[in-house]
Each structure stands twice: as structure tokens, then as C-alpha cells.
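Take a look at the letters that make up each chain.
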Amino acid sequence: MEKTTKKRIQKTIIKEHETNPWNNAIIQLEKAATSISLDKNVLNILKHPVRVLITSFPVRMDDGRIEVFKGFRVQHNMARGPCKGGIRFAPDVDLDEVKALAAWMTWKTAVVNIPYGGAKGGVVCDPTLLSENEKKHLTRRYTYSIINMIGPNQDIPAPDMNTNPEIMAIMMDTYSMIRGYTQLSVVTGKPVELGGSLGRTEATGRGVFITMEEALRQQNLRCCDGIKIAIQGFGNVGSNFANIAYQRGGRIIAVTDLYGGVYDPDGINIPHLLEYTSKSQYHSIKGYSDANELEKHEIFALPVDVLAPCATQNQINVSNADDISAKLIVEGANGPTTPKADEILVEKGIEVIPDILANAGGVTVSYFEWVQGLQSFFWNETQVNNALKEILVRSFHEVNQVKTKYNVDTLRSAAMCLALKRVAHAINLRGIFP
Ligand code: NAD
């Protein structure tokens, strides 16, 4: 074999290893376990998801064809309460990705100290190729396939990439039809008219903003006058974060999504951009003419105060971590930074607010929605936003205290230590059945 071909294959193997989310979740887990001297038996439990379902199911398409789709639901751990985690529709979603996302949910719910375990689901599909009708059929059949795993006391799904309140309404309806009564609290992130919580749609982006504000305050930077921000991803998380930061005086100088990027050193008019995306194909920013065009990969090297990856996993990796010059990275997405990139960022002195803290606003307001549904008693938006802020600010400071206590190098390790302590304590209190 030629030397260059050999090198290319080696590079591909290294890249695949670096970007396997489950490998990365295990690396993060082992690192934190060492820092807190976690019992090896407990560590072993947490290295394995409790339940994994792989399902194939038929869906009748608009033209009469029947297509078979593959779906997953993974429950990582339920020591602290029912499992909780979103459903992702994506062409490349696979079991390792869903396992990692489920584990990150276990840690996230523990970091913010809400009584849940971690789960996640996914369906392999390209939503841009499906009609609204096909998406509904797919959602119903997927819900049916996982119906014995979910329930308000068991496992409560929510939206994630390419799923939304309308999809959650269909999931709730399918579950309710089969059980024979209306069960609001089987999913969260529902439309407000159907038992959804006020403030849930914005909650993840709002949480990203709240944790950024706390971190900037620690660095003696005032939020947000003149703070320069670059955002990757302009879906639920990225666009809501952008809008809140913009309203608070932040200067969003660049935004990218799957289809392209826009850049304006003086700051992009975010309400304008939102208006544009509400009408554009795939709700994309591509073609927005009131800012300069930006190549997608250029977002990482821009001279900004804050870089917010709000798209998907593995976006900050060995190939671009060195180029980053932001002072702070706030992870709206799950798993956007690989462990190897984390090491580079530590060397460069760039602080990262980890996903399991920064984007925990979504699951926190999902928790409020679940409680409201169970009690059939609904809160106003101020109550929701105040309770969210209280939890996230407290969690931010608890993570910082743990960083000092265990003398760990990153906020990610600190958040992992805090979560592991809580999950391990629950496992020990419950004991091993039988
Ligand atoms: P979404 O589907 O609403 O939006 C995703 C955005 O990212 C879109 O703008 C898409 O074009 C863009 N994108 C996808 N891949 C990209 C790529 N390779 N490069 C550039 N842009 C890309 O999804 P969302 O709900 O906003 O979720 C985004 C991330 O946040 C995911 O990692 C998700 O797991 C995480 N998250 C979401 C929530 C929530 O409440 N929705 C909560 C916590 C974490």
C-alpha cells in the first residue's frame, strides 16, 4: 500500500475514534471518575446503558410506497428518577450517538439536580425529504414502537434536532389513544395549548444566555454591551440564544447553519434574520442579503468574545480547536467539543461552559412542564423564567465550587464530578436489586 494511502487511512481511523460520541462520553466519564475516586463497581454500572431498543418500522408514504425506518430509544440510567431525553430525526443518527446523548442526559439532570435519569431517542431519516403528512405517520409509528418504554413515570421524551412541539403533540396523542385516556405528561415540549409550558420553546437558548452571563461576570465582563458573539446553528437553541443575547445588547457578528453562514462585524440584526428564516426554505439563513456571506467552517476562527456551538456534536475538534480565539465557549449543542479539542482549549486558556450545564435550561423547563401536567396547574411565564434562572445560576456556582474542590482543569470535568457524585450516591442509597 502506498505511504500516502496508509496515512490517509490512519487519519480516518483517528478521526472516527475522536468523533465517536459514545467513546467520548466514556472518556469524560472515566476522567471524572478518577478525579472523585469513584467506586469501580459504580463506574462499571454507568458505562452501560440500562436499556437499548432498536426498532424498524414501516411507514406508508404519500405516493403509496411503504418505507422502513430505523429508530432507537436508549435509557442510560434511572437511579435518580424517570428517564428524560429528546428525540432526534437525522439521516446519520446511530446507536452510539443516541447512547452518548442518553448518558449526557443522566449527567445533565444531575448537574441541575432535577429528579430524572437520562434517555434519548432517534429516527434515521432526512426530514427535508418528508412531507408533513409523512412526518406525522413516522412519528406515530415510532411512538408505537417505543410505547412500552415511555410514560410519565418511566421515560419522558422531548424535542431535539429536527423535532418540535407539533411532533410532541402527535407523540402525546398516539400514547393517549393507545392507553385510552389523555396523558399530558408523557412528553414535554408540547404546544402550550396542549399542556406545554410557557417559556419552554426559548428555555434552552435562555439557559445558554444565563450561563454565559454568569461566566462573563466572573471574568469581569459586563453582559452584554458590545460582547461579540458567533453562533453555529440557528435552530431552536441557536436562534433563541441569539435573540435573547441581541435583546440584551450583545453583538452577534456571525451565524452559520447547515446550509451556509452570514457575517457582519457591526452585528447582525437578529429579529430581521429571524423574520427571514421564518419564510426561507428549511428555515435557513442562506441567502440573507443584509450581511456578508461566510463559509461555514470560518465561524470557529472569528475574533469574538463568545463562541456558541448550537448545532451538533464534534464540531470543535483537533482540526479547528487551535484556530479558536474566543475567550469563552458556551455549548448550546450536546457534545460539540471532542475530548482532544478540550485539551487544546485548556492549553489555550479558553474556558468552556459544558453542554451538561449550558444547555440544561431545556430539560429544566421540561421538568416544570411535566410537573404542571401532572398537577393540571399551569404557571405564568415569569414564574417559569424566574425558576429557571434560579436553578441555572445555582448550578453554575456549584460547578465552579466543585472545580476548586477537586482541582480539576475544566468546568466540564467539574460538572461531570458533581453529576457523578449525585448519581453514585443515589445508586448507593438504593442498593443493588435483588
Ligand atoms: P434544530 O434542529 O432546531 O436546529 C439545529 C440547527 O443546527 C439548524 O440551524 C441546522 O441547520 C444547524 N446545523 C446542523 N448541523 C450543522 C452543521 N454541521 N453545521 C452548521 N450548522 C448545523 O435543533 P436544536 O433543537 O436547536 O438542537 C441543536 C443542538 O442543541 C443539538 O445538539 C441538541 O441535542 C441540543 N439541545 C437541544 C435542546 C432543545 O431543547 N431543543 C436542549 C438541549 C440541547
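Residues numbered from 1 in each chain as written. Predicted model: local features only at pLDDT ≥ 70, side-chain atom pairs only at ≥ 80, totals over all residues. Heavy atoms only, no water.

A.B. asks: Is there a simple way to think about a negative patch on the surface in this case?
C.D. replies: Residues Asp 322, Asp 323, Glu 343 and Glu 347 make up a contiguous surface patch of negative charge. Along the polypeptide, Glu 343 turns up in helix H10 (residues 339-348). (Patch = residues over 30% accessible without salt bridge, like charges linked within 9 Å, V, L, I, M, F, W, Y side chains within 5 Å. Areas by Shrake-Rupley, 256 points an atom, 1.4 Å probe, with all protein chains shown as cover. Salt bridge = Lys/Arg side-chain N within 4 Å of Asp/Glu carboxyl O. Lys, Arg positive; Asp, Glu negative; His and termini not counted. Charge placed at Lys NZ, Arg CZ, Asp CG, Glu CD. Helix = DSSP H or I, 4+ residues; strand = E, 2+ residues; numbered from the N terminus.)

A.B. asks: Would you take a moment to explain a nonpolar patch on the surface for this structure?
C.D. replies: A contiguous nonpolar surface patch, about 330 Å² in accessible area, is contributed by Tyr 144, Met 177 and Ile 178. With respect to the element layout, Ile 178 can be found in helix H6 (residues 165-179).

A.B. asks: Where do I start with the state of the cysteines in this structure?
C.D. replies: Disulfide: a covalent bond formed between the sulfur atoms of two cysteine residues. Taken as a whole and assessed by the stated rule, the structure comprises 1 disulfide. The disulfide partner of Cys 223 is Cys 224, and the S-S distance across this bridge is 2.4 Å. (Disulfide = S-S within 2.5 Å.)

A.B. asks: Got a minute to help me understand the side chain of Thr 204 in this structure?
C.D. replies: In this structure, Thr 204 sits in helix H7 (residues 200-218). A relative accessible area of 9% means that Thr 204 is categorised as buried. When residues no more than four places from it in sequence are discounted, the contact partners of Thr 204 are Asn 236, Val 237, Ala 358, Asn 359, Gly 361 and Gly 362. (Buried < 20%, exposed > 50% of the residue type's maximum accessible area, 1.4 Å probe, protein only. Contact = heavy atoms within 4.5 Å.)

A.B. asks: How should I be thinking about unusual backbone geometry in this particular structure?
C.D. replies: Looking along the chain, the bond that leaves Cys 223 and enters Cys 224 is cis, with omega of 10°. Within the secondary structure layout, Cys 224 lies in the loop between H7 and strand E6 (228-232). Of note, the bond from Phe 433 into Pro 434 is cis; its omega dihedral lies within 30 degrees of zero at 5°. Of note in the backbone geometry, Ser 37 takes a positive phi value of approximately 50° without being a glycine. Turning to its location among the elements, Ser 37 is positioned in the loop between helix H2 (21-35) and helix H3 (40-46). A positive phi angle, near 50°, is found at Ser 376, a position not held by glycine. Following the sequence through the fold, Ser 376 ends up in the loop between helix H12 (361-375) and helix H13 (381-405). Judged by relative accessible area, which is 56%, Ser 376 ranks as exposed.

A.B. asks: Explain the site of the ligand to me, please; I cannot follow it from the model alone.
C.D. replies: Surrounding the ligand, one finds 22 residues, the nearest of these being Arg 88, Asp 160, Thr 204, Val 237 and Asn 334. Within the contact set of the ligand, an oxygen atom lies 3.3 Å away from a backbone nitrogen or oxygen of Gly 235. One nitrogen or oxygen atom from the main chain of Asn 236 is found 2.9 Å from an oxygen atom belonging to the ligand. In isolation the ligand exposes 830 Å². Once the protein is present, 87% of that is buried. (Near = heavy atom within 4 Å. Polar contact = N/O pair within 3.5 Å; in protein donor to acceptor, adjacent residues only side chain to side chain.)

A.B. asks: I tried to follow the domain arrangement of the protein chain on my own but got confused; where do I start?
C.D. replies: A common way to state how big an interface is: give the accessible area lost once the parts meet. Under the domain assignment used here, the protein chain contains domain 1 (46-182) and domain 2 (202-358). Between the C-alpha centres of domain 1 and domain 2 the distance comes to 27 Å. The interface is formed by 11 residues belonging to domain 1 together with 10 residues belonging to domain 2. When domain 1 packs against domain 2, the two sides together hide about 870 Å² of surface, and 60% of this comes from carbon and sulfur. Ranking the residues of domain 1 by area buried against domain 2 places Trp 104, Lys 108 and Thr 128 at the top, with a combined share of 49%. Applying the counting criterion to the domain 1 and domain 2 interface returns 0 salt bridges. If you look at where domain 1 meets domain 2, you find 3 residue pairs in polar contact (both at pLDDT 80 or more). A total of 6 residues in the side of domain 1 that touches domain 2 trace back to one element, the largest contributor, which is helix H4 (residues 95-111). (Domains from an automatic or database assignment. Buried area = accessible area lost by both parts, 1.4 Å probe.)

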